[in-house]
Amino acid sequence: MHDDALDGIRVIELGEGVSAPFCARLFSDYGAEVLKVEHPQSGDVTRRWGPFRGDRPHPEKSGLFFSLNTNKSSITLDPGRPEGREILLKLLARADILVENNSPQQMREWGLEYAALSEVNPDLVMISITPFGQTGPYADWKGYDLNAFHFSAAGHRYCGRPGEAPLEHGTFSAEYFGAYAATAWGLAAVYGRKIAGGGQQLDVSCSEVLGALFVGTENIGRYAQDGDFSSRGAMMSGGPSTIFPCKDGHVWMMALEPGQWDGLVEAMGKPDWAMVELFRDRLERVQNADLIEGKIMEWTLQHTKQEIMDLCQANACPSTAVYTVAEALEHPHVAAREFIVELEHPLMGRVRSLGPPIRLPESPGGPRTPAPLLGQHNENVYGTLLGMSDAELQKLRADEVI
Amino acid sequence: MAEALPLEQVRVANFGWSWLGPVAGQTLAFMGAEVYKIESRARIDINRTIPPFAEGIADPDRSLQNHAAWAGNRSITLNLKKPEAQELARQFVTHCDVAMENFGPSVMDKLNIGYEKLRAVKPDIVLVSMPAAGLHGPLKGVRTYGMSLSSITGLDSLTGYTGGPPIPMEMAFPDPMGGMTGAMGALLALNYRDRTGKGQHVDYSQQEGVMQLVAPAFMDYAMNGRVAGPMSNRHPLGVAAPHGVFPCSGNDRWISIAVVTDEEWEGLLGAMGRPEWARAPEFAKTADRVANIDALHERLAAWTQGFDDHELAGRLQEQGVAAAPVADVADLMNDPHYRARGTFIEVTHHLGFKETIHGAYVKTSRSEVEVRPGPTIGQDNDHVFKEMMQIPEKRFRQLVEDQVIY
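What you see is a predicted model; the values in this text were computed from it and never measured. (Residues numbered from 1 in each chain as written. Chains lettered and ligands numbered in written order. Predicted model: local features only at pLDDT ≥ 70, side-chain atom pairs only at ≥ 80, totals over all residues. Heavy atoms only, no water.)

1. Let's talk about the overall build of chain A
Piece 1. From N to C terminus, chain A includes 18 helices and 12 strands.
Piece 2. The principal-axis extent of the C-alpha atoms belonging to chain A is close to 85 × 50 × 40 Å.
Piece 3. Burial statistics for chain A: of 402 residues in total, 63% are counted as buried.
Piece 4. Taking the contacts inside chain A whose residues are at least 6 apart along the sequence as the reference set, 70% of them involve residues at least 24 apart.
Piece 5. Here chain A has roughly 14,100 Å² of accessible surface; of this, 50% comes from carbon and sulfur atoms.
Piece 6. Of the side chains in chain A, 35 bear a positive and 54 a negative charge, and the two mean positions are spaced by 3 Å. (Helix = DSSP H or I, 4+ residues; strand = E, 2+ residues; numbered from the N terminus. Buried < 20%, exposed > 50% of the residue type's maximum accessible area, 1.4 Å probe, protein only. Contact = heavy atoms within 4.5 Å. Areas by Shrake-Rupley, 256 points an atom, 1.4 Å probe, with all protein chains shown as cover. Lys, Arg positive; Asp, Glu negative; His and termini not counted. Charge placed at Lys NZ, Arg CZ, Asp CG, Glu CD.)

2. Here we look at the interface of chain B and chain A
How big an interface is tends to be reported as the loss of accessible area on association of its parts.
Piece 1. Counting residues at the interface gives 155 residues for chain B, matched by 154 residues for chain A.
Piece 2. Counting each side, the surface lost to burial between chain B and chain A is near 13,500 Å², with a carbon and sulfur contribution of 67%.
Piece 3. As a salt-bridge pair, R337 of chain A and E208 of chain B come within 2.7 Å of each other at their nearest N and O atoms.
Piece 4. Linking chain B with chain A are 65 residue pairs in polar contact (both at pLDDT 80 or more), by the criterion used here.
Piece 5. Here the side of chain B that touches chain A takes 16 residues from helix α7 (residues 174–196) of chain B, the largest share from any one element.
Piece 6. Among the residues making up the side of chain B that touches chain A, the classes are represented as 86 nonpolar, 47 polar and 22 charged.
Piece 7. Across two bridges, the pairing between strand β6 (residues 200–205) of chain A and strand β12 (residues 363–364) of chain B is antiparallel. By the bridge assignment, L202 of chain A is partnered in β12 of chain B with T364 of chain B. (Buried area = accessible area lost by both parts, 1.4 Å probe. Salt bridge = Lys/Arg side-chain N within 4 Å of Asp/Glu carboxyl O. Polar contact = N/O pair within 3.5 Å; in protein donor to acceptor, adjacent residues only side chain to side chain. Nonpolar A, V, L, I, M, F, W, Y, C, P; charged D, E, K, R; others polar. Pairing = 2+ DSSP bridges.)

3. Things to note about the sheet that holds strand β5 (residues 125–130) of chain A
Piece 1. If you trace the seven strands from one edge of the open sheet to the other, you get β3(A)-β2(A)-β1(A)-β4(A)-β5(A)-β6(A)-β12(B), paired in mixed fashion. Only two strands of the sheet have a single partner each, and these edge strands are β3 (73–76) of chain A together with β12 of chain B.
Piece 2. Inspection of the sheet shows strand β2 (residues 33–38) of chain A paired to β3 of chain A by four bridges, in the parallel sense. Directly across from L35 of chain A, in β3 of chain A, lies its bridge partner S73 of chain A.
Piece 3. Here helix α10 (residues 206–226) of chain A sits on the sheet in contact with β5 and β6 of chain A together with β12 of chain B, set at roughly 70° to β6 of chain A. (Axes fitted to C-alpha atoms, helices over the stretch in contact; angles between N-to-C directions.)

4. Things to note about the sheet that holds strand β9 (residues 320–321) of chain A
Residues and elements named next belong to chain A.
Piece 1. Pairing within the open sheet is antiparallel, and its three strands lie in the order β7-β8-β9. Two strands bound the open sheet, and with one partner strand each, they are β7 (241–246) and β9.
Piece 2. Pairing between strand β8 (residues 249–254) and β9: two bridges, direction antiparallel. Within the sheet, the bridge partner assigned to W252 lies in β9 and is T320.
Piece 3. Of the strands in this sheet, β7, β8 and β9 are in contact with helix α14 (residues 305–314), which crosses β8 at around 20°.

5. Section: the environment of N112 of chain B
Residue and element names in this part refer to chain B.
Piece 1. With respect to the secondary-structure elements, N112 resides in the loop between α4 (107–110) and α5 (115–121).
Piece 2. In this structure N112 comes out as partly exposed when scored by relative accessible area, which is 27%.
Piece 3. Sequence-wise, N112 and E87 are 25 residues apart; in three dimensions their C-alpha atoms are separated by 8.3 Å.
Piece 4. In this structure, N112 is in contact with Q86, R90 and K117, ignoring residues within four places of it in sequence.
Piece 5. One polar contact links N112 to K117, side chain to side chain, over a distance of 3.1 Å.

6. Some words on the packing of helix α1 (residues 19–29) of chain A against helix α8 (residues 173–191) of chain A
Relative placement of two packed helices is described by the angle separating their axes and the distance separating the axes.
Residues and elements named next belong to chain A.
Piece 1. Look at α1 against α8: their axes get within 8 Å of each other, and the N-to-C directions meet at 45°. When the axes of α1 and α8 are compared, the pair comes out oblique. Where α1 crosses over α8, the two elements pack in a sense that is right-handed. Here α1 contributes S19, F22, C23, L26 and F27 to the contact with α8, which in turn contributes E175, Y176, A179, Y180, A182, T183 and L187. (Parallel < 35°, antiparallel > 145°, perpendicular 65-115°, else oblique. Left-handed = near helix turned anticlockwise from the far one by under 90°.)

7. Here we look at the domain arrangement of chain A
Piece 1. The domain boundaries assigned to chain A delineate domain 1 (10–213 + 338–398) and domain 2 (241–327).
Piece 2. Placing the centre of domain 1 of chain A and that of domain 2 of chain A at their C-alpha centroids yields a distance of 42 Å. (Domains from an automatic or database assignment.)

8. Points about the domain arrangement of chain B
Piece 1. According to the domain assignment, chain B consists of domain 1 (11–204 + 341–401) and domain 2 (243–247 + 254–325).
Piece 2. Just the C-alpha atoms count here: the centres of domain 1 of chain B and domain 2 of chain B sit 44 Å apart.

9. Looking at the environment of E208 of chain A
Piece 1. Locating E208 of chain A in the fold gives a position in helix α10.
Piece 2. Once you skip the residues sitting within four places of it in the chain, E208 of chain A turns out to touch L213 of chain A together with Y338, R341, T343, Y361 and K363 of chain B.
Piece 3. Polar side-chain contacts of E208 of chain A include one of 2.7 Å to the side chain of T343 of chain B.

10. Let's talk about the side chain of N102 of chain B
Residues and elements named next belong to chain B.
Piece 1. Within the element layout of this structure, N102 appears in the loop between β4 (98–101) and α4.
Piece 2. By relative accessible area, which is 9% here, N102 ends up buried.
Piece 3. From its side chain, N102 meets the backbone nitrogen of W17 in a polar contact 2.8 Å long.
Piece 4. Not counting residues within four places of it along the chain, the set of residues in contact with N102 comprises G16, W17, S18, L20, G21 and M130.

11. Points about the nonpolar core
Piece 1. Ranked by size, the top nonpolar core spans 170 residues in total, and within it F27, I127 and F214 of chain A together with L28, L316 and Y361 of chain B carry the most contacts.
Piece 2. Examining the composition of this core, we find that 14 residues originate from one element, α8 of chain A, more than from any other.
Piece 3. Setting aside chain neighbours within four positions, we find I127 of chain A in contact with C23, F27, I97, L98, V99, E100, A182, G186, L202 and V204 of chain A.
Piece 4. Judged by nonpolar contacts, the second largest core, of 31 residues, contains I38, V93, F103 and M108 of chain B. (Core = buried A, V, L, I, M, F, W, Y, C linked by side-chain atoms within 4.5 Å.)

12. Examining the pattern of salt bridges
Piece 1. Throughout the structure, instances matching the rule amount to 57 salt bridges over all chains.
Piece 2. Here E342 of chain A and R350 of chain A are joined by a salt bridge, their closest N and O atoms 3.1 Å apart.
Piece 3. The class of E342 of chain A is partly exposed, set by a relative accessible area of 45%.
Piece 4. Here R253 of chain B and D309 of chain B are joined by a salt bridge, their closest N and O atoms 2.6 Å apart. In this pair, R253 of chain B sits in the loop between β7 (243–247) and β8 (254–258) while D309 of chain B sits in helix α13 (residues 309–318), placing the two residues 56 residues apart along the sequence. For the pair shown, R253 of chain B and D309 of chain B are each scored as buried.
Piece 5. Each of the salt bridges in this network shares a partner with another, and the network as a whole consists of K37, E39, D45, R48 and D61 of chain B.

13. Some details on the side chain of D175 of chain B
All names here are of chain B.
Piece 1. In this structure, D175 sits in helix α7.
Piece 2. K37 provides the closest opposite charge to the buried, salt-bridge-free D175, at an N-O distance of 13 Å.
Piece 3. Leave out the neighbours within four places in its chain, and D175 touches S18, W19, L20, G146 and Q206.

14. Some remarks on the packing of aromatic side chains
Piece 1. Here the structure, examined in full by the defined rule, presents 21 aromatic pairs over all chains.
Piece 2. Taken together, a centroid distance of 5.3 Å and an interplanar angle of 85° make the contact between F214 of chain A and F173 of chain B edge-to-face. Residue F214 of chain A is located in helix α10, and its partner F173 of chain B is located in the loop between α6 (146–149) and α7; the two belong to separate chains.
Piece 3. For F214 of chain A, a relative accessible area of 0% puts it in the buried group.
Piece 4. Among the residues examined, F173 of chain B registers a relative accessible area of 2% and is labelled buried.
Piece 5. Between the aromatic rings of Y223 of chain A and F229 of chain A, the centroid separation amounts to 5.9 Å while the plane-to-plane angle is 75°, which identifies the pairing as edge-to-face. (Phe/Tyr/Trp six-rings, centres within 6.5 Å; stacked < 30°, edge-to-face > 60°.)

15. Details of the pairing of strand β5 (residues 126–129) of chain B
All names here are of chain B.
Piece 1. Residues V126 and V128 point to one face of β5 and L127 and S129 to the other, with burial holding for every one of them.
Piece 2. Two elements, β4 and β5, share four bridges in a ladder whose sense is parallel. Paired with E101 across the two strands is S129, which belongs to β5.
Piece 3. Alignment of β5 against strand β6 (residues 200–204), held across four bridges, turns out to be parallel. Considered in β6, the bridge of V128 is made with V202.

In C-alpha cells, the structure reads:
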C-alpha cells in the first residue's frame, strides 16, 4: 500500500488535450485515484498528436498522451447519450473532484452543468478549465492554447521583436499554467469543503490566469493610474540581461548588481574595456549597451555555454546556459534527482517520462503506472465497481455508449 | 452572509520574496488562509522600491506592482540577522501550520529557521522550500533570476521565430507559476498531515516545475532523439495549420488563428469567401497544410491585415474557427470580456489611495473571495506579537527599539 498525500481522493476527468489532463495528472501524482472518461470512438485528442516513435501514428502510442496520463484508469463513455450520462452521474456521486475542459455550452447540452451535478453530489468540487472561462462574452468561443495564450497579452507584452509577431513559448504554456492554477485552487476547495459548507465550481480561464498573474501584476497598476503601457522589446538589456550567442549555442547573460558585474568581469578574465569604474553602475551600462553587449559577445562566441555558465557561476554572476531539450533532460542534476521515470507500456515498451513537480519526502509522488489504453478499465469500472452484468455491458457496447 | 472560505483555519508564515514567494502567499490567502509575510526595514523588499507609485509619491508602501504581487498577504517585521528575531520567528511558526520560503537551499539554516529548527519547536510543521533547482543535486546552488531560470529547463530553447535564435520571455514566467505550485505543495502536505499527524519538508524545484511544460518536446527527444528548436507560434507537435499570429489593421494589432481539424479549415474557407488559392490541393488536408505552412501563413496574413482584430475574431468564431485578438496590456483592462469577468478591480488601500489590481484569478461559485492589496510594512505587528504571541507591551517596545522587530 502506498501512503500518499491524496490517498482516498477520487477524481473523474472529462476532458482532453493538455489542461484538464495535466491537472488530473498532478492529482494522480500524489495518490488520488483518477478515472479518465474518453469518447468511445476517438478518445483524447492527444492520442492523435504524437509524438510517435518513428513518426508512425498509433492511438495508443502518443508520447504527449503518455506524459499527461500516467497513473490514470481509462473508461470509454459517450456523455451525450442518456445511458452514458446516467453512468457518469453514478460515478460523480462517489467522486471528490471533476476536472473538465469542455465548452460551457457543451456541458449544458450534456446536462452536466454544475447546478445539475451539485444535486447529485453537493460536496463535489468541479474544476472547469477553458481558454476564456465560464462567463463573459467569449465564454463559448472556441480556443486552443495559442488563442488563450495571446489573449492574455503575454506575447504582446513580453515576447518577440518589436514590429514582428508576438510569440508563444513553443509549448502549450497557457494550458499548463492554467492547470497549475486549477490544481492549487482545486486542492484548497477540497481540503476546506467542510469549513466552506460543501463543494463548488472553480472557473479557470487559462487566458485570465495568465493575463492577471503573469501580465497584470507588473502592468495594470501603471496602466490604470497613468494610462500608459509597454510592449515587448522594452526590457533594459545592457545590464547585460538577455540571451547571447556563444560557441555552441546560446547563454542567458545576467549581471544586474555591482557584485554580479564584478563577477562577470572576473569570469571574462578582466579585459581592459571592462575595467572602467563607471560600468559598475547598471544604468551606465544600459547607456552604453551597444559597446558593452558587443564586447561581451566577442567573449561569449569564444566559449561554450557550459564554460560560460561555470565561469560566471563560480564568480557569483547569475548567467546560465540555454540548454537544448536534450541537454536539459540528460543533465547530471536531473539524473541525481531521479527526475526522469521509466515505465513499461504494453505497446510502447519502455518509456521515459518526467517525474512530479513537487517532492514530498514523507509521501513521494510521481508516475507509477503507464498511461492507459483506450477503455482499458471498462470491465473493472462497469462490471466490478458499478455491478453491471455482461449482458448490460454488451448492450451498451452495441449501442456505442461505451 | 458570506460563507467561510475553505482555508480559513490555515495560518502561514511566508518567508518568501521576489515574485514567487508573494504569489504562493496570495494563492493560499485568496482561499482564506491567514498568510503573514516576514520582512524587515533592515533590507527593504526590492518589490517595494519599483515604480510607479500610487499618486506618484515614491514610498515603500505605495509601489503599485508590489501591491498586486503581495495581494492577500499580511506583514510583520523581523530583522532576521539578529538572534532574538530568529527566536521570535521560531516562536511565531509554532502558531502556524505552514512555513514557505524561496531562498537558496542553505539560507534558512543559516538564519536558524531551517526545517530541523522549526520541527524542534513545531513537530508537525509543513515547510515548503521553493529554490531554483531544488534542495539537492549538483545544480542546487545555481544562481539565476526568475526570468533566466527557464534557460536551464529547455523551455527557452523552444521560444523564438522558426529557424532563428532563442528569443527571451522578458519577464519571470517561472515565478507566478512556481507560486501556484508551491501553494499546491503546501496543500498536499496539509492533506498528509491531517491524516497522519506528520509534517514534512516539501522540495519544489522551480526547474522541475517548468520542465513539465517542455514535455511535448521532451517526449519527441526521448522517443526519436530529435531536438526541437524555436517554433514561432506553430503547433508544438506540428499537427495543425494554419497555426499562428497574423497582422490586423491598426498599430501592432494581431489575431491568433489555430486550425486543427478539416472542419475548422472549412469554416475558415467560408469566412474568407473560398478564394481560389485556398482551394488548391496543397492546402486540401491537414498534412498538406502542415507541409506548406509557410506559403499558407503568407496568404492568410495578406487576408487578415485589412481587418480589425476584434471584428475578425468574432467573424471567424461564427464559422467555428478558433481565433482571438492578441491582447495588449490595455485590452486586459478594457476588453468587454475581461470587464465582464471582473479580472481587474479597483480597490482602496488602507492608506487611502485607490489602485487597480487583479481579483481572484480563479472564479469560485461558492466562496466569496476578498481582494486585499499587498500590506504596508509591519502592519500586523501589534496583532501578531502582542495578541497572538502575548509579548508584554514593555518588551515589545524594547524589541522595536533594539531593531529586532524592525
